[in-house]
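Listed below, chain by chain, are the residues.
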Amino acid sequence: MTPFEFLSQLWQEKPEDHHILIWTHPDKRSRWFTSVASAAEYVGSVNGGRDVYVGVGLAGKDHGPTHRCASEEITGLTAMWSDLDLLSDAHSKKALPQTIQQALTILPASMPPTIIIATGNGLHCWWLFKEPYIFDSEEDRMDVARVVTRWHTMLQLTAATHGWAYDRLSDLARVFRLPSTTNFKDGAHPKPVELCRLPTADTTSRTLKNSWTTPRSPIRKPMRRLRASGPNGSRTSLWSSI
């Protein structure tokens, strides 16, 4: 999955005047784009041992090169998310799952992610909405923020039943890695960030690439219900599940 394909899945239907954040580390620089193509082109140009991230939320303006958009100023989301760490040299001080298969048991079995990205030291999971959910008021943003917090609390409690730690990264200003970039957290051992391949029930290997074109399920704002689609088009309500 290329950065353009990934960003298109996230933001192809966003309002034109809302900004996508691309953030790099260790220079801690923010770049803001209203165009998916321009954002993807920039991601492809990054070099020099930098990690590249995308914001999970939209911003209403360009906040400049040294600032990220605070959670209180995020204008919309395109998905729910989860950051699953694996036991590794980068995460050696906490009790964590040792394999991808173990880590995925933290997630509700009835709600498979639309996209899973292997980050080198863990997994970034995305449950995409049919289209970006743009907040229509501060109350709306706060309501969604509470749902996101409850979602991550549920995952944290599930992880605890296995004896594992789970970081509740529920802030709307969160940034996640992009596929086709490199994880330089351990500079001596860089790792690719890529679309995750998972075993199917018949033990053959498949890619979640088939889910890229799966229609996202509808978001019905009057009902305050966020709905997401799994990799096979299954529809689930994130609101009613948590």
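Each remark here, short or long, concerns the structure printed above.
Residues numbered from 1 in each chain as written. Predicted model: local features only at pLDDT ≥ 70, side-chain atom pairs only at ≥ 80, totals over all residues. Heavy atoms only, no water.

A. The arrangement of the sheet that holds strand β5 (residues 74-85) in detail. Here we have six strands laid out as an open sheet, ordered β4-β5-β7-β6-β10-β9, and antiparallel in their pairing. Strands at the two margins of the open sheet, each flanked by one partner only, are β4 (57-59) and β9 (181-183). The sheet shows a mean angle of 30 degrees between the axes of neighbouring strands, taken without regard to direction. Here strand β6 (residues 115-118) pairs with strand β7 (residues 122-134) via four bridges, running antiparallel. Within the sheet, the bridge partner assigned to I117 lies in β7 and is H124. The strands touched by helix α1 (residues 3-11) are β4, β5, β6 and β7; relative to β7, the strand with the most contacts, the crossing angle is about 45 degrees. (Pairing = 2+ DSSP bridges. Helix = DSSP H or I, 4+ residues; strand = E, 2+ residues; numbered from the N terminus. Axes fitted to C-alpha atoms, helices over the stretch in contact; angles between N-to-C directions. Contact = heavy atoms within 4.5 Å.)

B. Focus on the packing of aromatic side chains. Inspection of the entire model under this criterion finds six aromatic pairs. Relative to Y53, the ring of W23 lies with its centre 5.6 Å away and its plane at 50 degrees, an arrangement referred to as tilted. Here Y53 lies in strand β3 (residues 51-55) and W23 lies in strand β1 (residues 20-25), a separation of 30 residues in the sequence. Each member of the pair, W23 together with Y53, is buried. Taking 5.5 Å as the distance between ring centres and 85 degrees as the angle between the ring planes, the aromatic pair formed by W126 and F176 counts as edge-to-face. Of this pair, W126 sits in strand β7 while F176 is found in strand β8 (residues 175-177), placing the two residues 50 residues apart along the sequence. Pair check on accessibility: W126 and F176 agree, each one buried. Among the aromatic residues, those joined into a cluster by ring pairs are F6, W126 and F176. (Phe/Tyr/Trp six-rings, centres within 6.5 Å; stacked < 30°, edge-to-face > 60°. Buried < 20%, exposed > 50% of the residue type's maximum accessible area, 1.4 Å probe, protein only.)

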